[in-house]
Amino acid sequence: MLVNLQKLIDLEQVEVGDGYRTKSDQLGVTGIPILRVADVHNGKLLPSYKDLIKEEYLSKINKKLSQQDDVVITTKGTVGRIAQIPKEFPTHAYSPQVCYLRSLDQKVIDSDWLYYWARSREFTRQAEKYLGQTDMAPYISLSDLRSFELELPDIETQLKIVSSIKPLEELLSANERVINQVRYLSQNVFQYLVSFSNEKIQLKDLASISPSRESKPTNTEIFYIQIGDVSDGSVEVPEPMNWLDAPASARLSVIPGDIIWSRVRPNRRSHAYLVDPAPNTIVTTGMTVIRAVNAPSSYLFAATDSIQFSEYLARHADGTTYPTVDDSTFMNAEIPWVGEQRALTFHSIMMPLWELTEKLRLENSRLTRSISTLSPQLFAGHIYVENSSGHL
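Going along each chain's sequence as written, the residues are numbered from 1 onward. It should be noted that, the model being predicted, local features are given only for residues of pLDDT at least 70 and side-chain atom pairs only at 80 or more, the latter also being counted only at that level, while totals for whole chains, interfaces and linings use all residues. Side-chain calculation: all heavy atoms of the structure are included, whereas hydrogens and water are not.

**Some remarks on the overall build of the protein chain**
A helix here means a DSSP run of H or I that spans at least four residues, while a strand means a run of E at least two residues long, and both kinds are numbered starting from the N terminus. Tallying secondary structure elements over the protein chain gives 10 helices and 22 strands in all. Projecting the C-alpha coordinates of the protein chain onto the three principal axes gives extents of approximately 65 × 50 × 45 Å. Note on exposure labels: buried denotes an accessible area under 20% of the residue type's maximum, exposed denotes more than 50%, and partly exposed covers the range between, all computed with a 1.4 Å probe on protein chains only. For the protein chain, the residues scored as buried account for 48% of the 392 residues in total. All accessible areas in this document rest on Shrake-Rupley with a 1.4 Å probe, and a residue is counted as covered only by the protein chains that are shown. Accessible surface, the protein chain: about 19500 Å² in total, of which carbon and sulfur atoms supply 50%.

Next up, the structure:
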């Protein structure tokens, strides 16, 4: 049955809404965290807990609070990132740049099916139709979203489609949990080691800063990492592109073990450890590349992954709208130093685990491609699901 979201809204079967416009005087040091565009990634949420709304304004936020199984879509700025609110996810207030889809009747439309539909090519096709309708930054309005059409099968077919995709999604999530746990372990082992030493050392004594700047692009395929691709501790490597088609800021080449940090708004902690980047990976000049020289790269990542390091960058940033640091700020940063032997011991513990995370990332990339190939066939009815156990 072909139906648009507005009809499902009118029948009170689906709710489609946007976020809460928070006033500055409603922010506090405690309260309900805001879920912003930067916290939403394809298939996962990485909340920063940076901005909090005082609980006294809870009644004003009302339905714009996250609920389990909500489908979250970024609709302004970085458009089209989609994730689902998982079980036991802390309640957040959606920001105005984030919209949500919420099933109100699970007997008519299953929440998981709605999520997979939002990640389907059919949804993407309709979204792309609206992106170029203004001269402003990419944007999908709430009324645009409510006009989207979907081929809604009966609930039994929805559940069969979900049973075919969900095991792959669960494997993706399990891999992500391992990756996150390795980072958590890195932080804790590092803090344990530095508790035995009060020594500090400047980063420039252990690393080179943005050492490989390319003068001009060539007619080659590259993987171009922009600031928007990087979040707190992770990076989503985009599809390859011709270097000649990339922006002029695509100039910094990287090698395995490099650490990248955004120089703009360092308080957002957009940084990542490039354990084994693809050949011809190029990073925007809006980032700083930290390359290990006199210390293991895993140790340097742990040192620059700390809250203390990002607070140092934020203190030294210039500007109000777009606070920015330069390479010299990184060079002069002081980090804890435990000596060469202990740093190498740390590396011997952590590096095999970081290499494991790289394998899991590659597996997740393959799984994502498999889901992208399978989903359209399931939604179009080209693949018939025989039973609810997911056998095709």
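So, next bit.
**Topic: the pattern of salt bridges**
Here, a salt bridge means any Lys or Arg side-chain nitrogen found within 4 Å of an Asp or Glu carboxyl oxygen. One pass over the structure, following the stated rule, counts 14 salt bridges. Of the charged contacts, one joins Asp 232 and Arg 269 as a salt bridge, the two residues approaching to 3.2 Å between their closest N and O atoms. Of this pair, Asp 232 sits in the loop between β15 (221–225) and β16 (241–242) while Arg 269 sits in the loop between β18 (258–262) and β19 (271–274), and the two are 37 residues apart along the sequence. For Asp 232, a relative accessible area of 30% corresponds to the partly exposed category.

**Comments concerning the sheet that holds β16**
A pair of strands is considered paired only if DSSP assigns at least 2 bridges between the two. Ordered in space as β16-β15-β20-β17, the four strands form an open sheet in which the pairing is mixed. The sheet is open, and its two edges are formed by β16 and β17 (250–253), each paired on a single side. When β15 meets strand β20 (residues 281–284), the two strands line up parallel, connected through three bridges. Residue pairing for β20: Ile 225 is matched across the bridge by Val 283.

**With respect to the pairing of strand β2 (residues 14–17)**
For a regular strand, side-chain orientation follows a simple rule: the groups alternate between the two sheet faces. Here β2 shows two buried faces, one formed by Val 14 and Val 16 and the other by Glu 15 and Gly 17. With four bridges joining them, β2 and strand β11 (residues 98–103) adopt antiparallel strand pairing. Pairing of Glu 15 across the sheet is with Arg 102, part of β11.

**Description of the side chain of Thr 284**
Along the polypeptide, Thr 284 turns up in strand β20. A residue is classified by how much of its surface remains accessible, and Thr 284, at 7% relative accessible area, is buried. Side-chain polar atoms of Thr 284 contact the backbone nitrogen of Gly 286, separated by 3.1 Å. Not counting residues up to four positions away in its chain, the partners in contact with Thr 284 are Tyr 224, Ile 225, Gln 226, Ile 227, Ser 249 and Leu 252. Two N or O atoms form a polar contact when they lie within 3.5 Å of each other; inside protein one atom must be a possible hydrogen donor and the other a possible acceptor, and for residues adjacent in sequence the pair counts only when both atoms belong to side chains. What makes two residues a contact is simply this: any of their non-hydrogen atoms within 4.5 Å.

**Some thoughts on helix α7 (residues 297–304)**
Along α7, eight of the eight residues are buried, which leaves the element largely enclosed by surrounding structure. All of the buried residues in α7 are Ser 297, Ser 298, Tyr 299, Leu 300, Phe 301, Ala 302, Ala 303 and Thr 304.

**Observations regarding the packing of aromatic side chains**
What describes a pair of aromatic rings is the distance from one ring centre to the other and the angle between the planes of the rings. Pairing of aromatic rings covers Phe, Tyr and Trp, the last through its six-membered ring, and needs centres within 6.5 Å; plane angles under 30 degrees mean stacked, over 60 mean edge-to-face, and all others mean tilted. In the structure shown here, the tally under the stated rule is 17 aromatic pairs. A ring pair is formed by Tyr 130 and Phe 148, whose centres lie 5.8 Å apart and whose planes are at 10°; its orientation type is stacked. Residue Tyr 130 is located in helix α4 (residues 121–131), and its partner Phe 148 is located in the loop between α5 (142–146) and β12 (149–151); the two are separated by 18 residues in the primary sequence. Ring centres of Phe 309 and Phe 330 lie 6.1 Å apart, and the angle between their planes is 45°; on these two criteria the pair is classed as tilted. Remark: Phe 330 occurs in helix α9 (residues 327–331) and Phe 309 occurs in helix α8 (residues 307–315); sequence separation between them is 21 residues. Exposure class is identical for Phe 309 and Phe 330. Each is buried. Chaining the aromatic ring pairs together yields one cluster made of Trp 117, Phe 123, Tyr 130 and Phe 148.

**So, the side chain of His 92**
Tracing the sequence through the fold places His 92 in the loop between β9 (82–84) and β10 (93–94). A relative accessible area of 0% places His 92 in the buried class. Only 2.8 Å separates the side chain of His 92 from the backbone oxygen of Pro 90, close enough to count as a polar contact. Residues in contact with His 92, not counting those within four places in the same chain, are Ile 32, Pro 33, Ile 34, Leu 35, Pro 47, Tyr 49, Lys 64, Leu 65 and Ser 66.

**A short note on the pairing of strand β21 (residues 287–292)**
By the criterion of burial, β21 is predominantly enclosed, with five of the six residues buried. Strand direction decides the pairing type here: strand β14 (residues 207–209) and β21, joined by three bridges, are antiparallel. Residue pairing for β21: Ala 207 is matched across the bridge by Ala 292. Two strands pair when backbone bridges link them, and β18 and β21 are joined in this way by four bridges, in the antiparallel orientation. Residue pairing in the sheet places Ile 259 in a bridge with Ile 290 of β21.

**With respect to the sheet that holds β21**
What the four strands build is an open sheet, ordered β14-β21-β18-β19; its pairing is antiparallel. The strands lining the two open edges of the sheet, one partner per strand, are β14 and β19. With direction set aside, neighbouring strand axes in the sheet form an average angle of 20°. Along the sheet, α7 makes contact with β14, β18, β19 and β21, crossing β19 at roughly 170°. Between the N-to-C directions of two axes lies an angle of 0 to 180 degrees, each axis being a line fitted to C-alpha atoms and, for a helix, fitted only over the stretch in contact.

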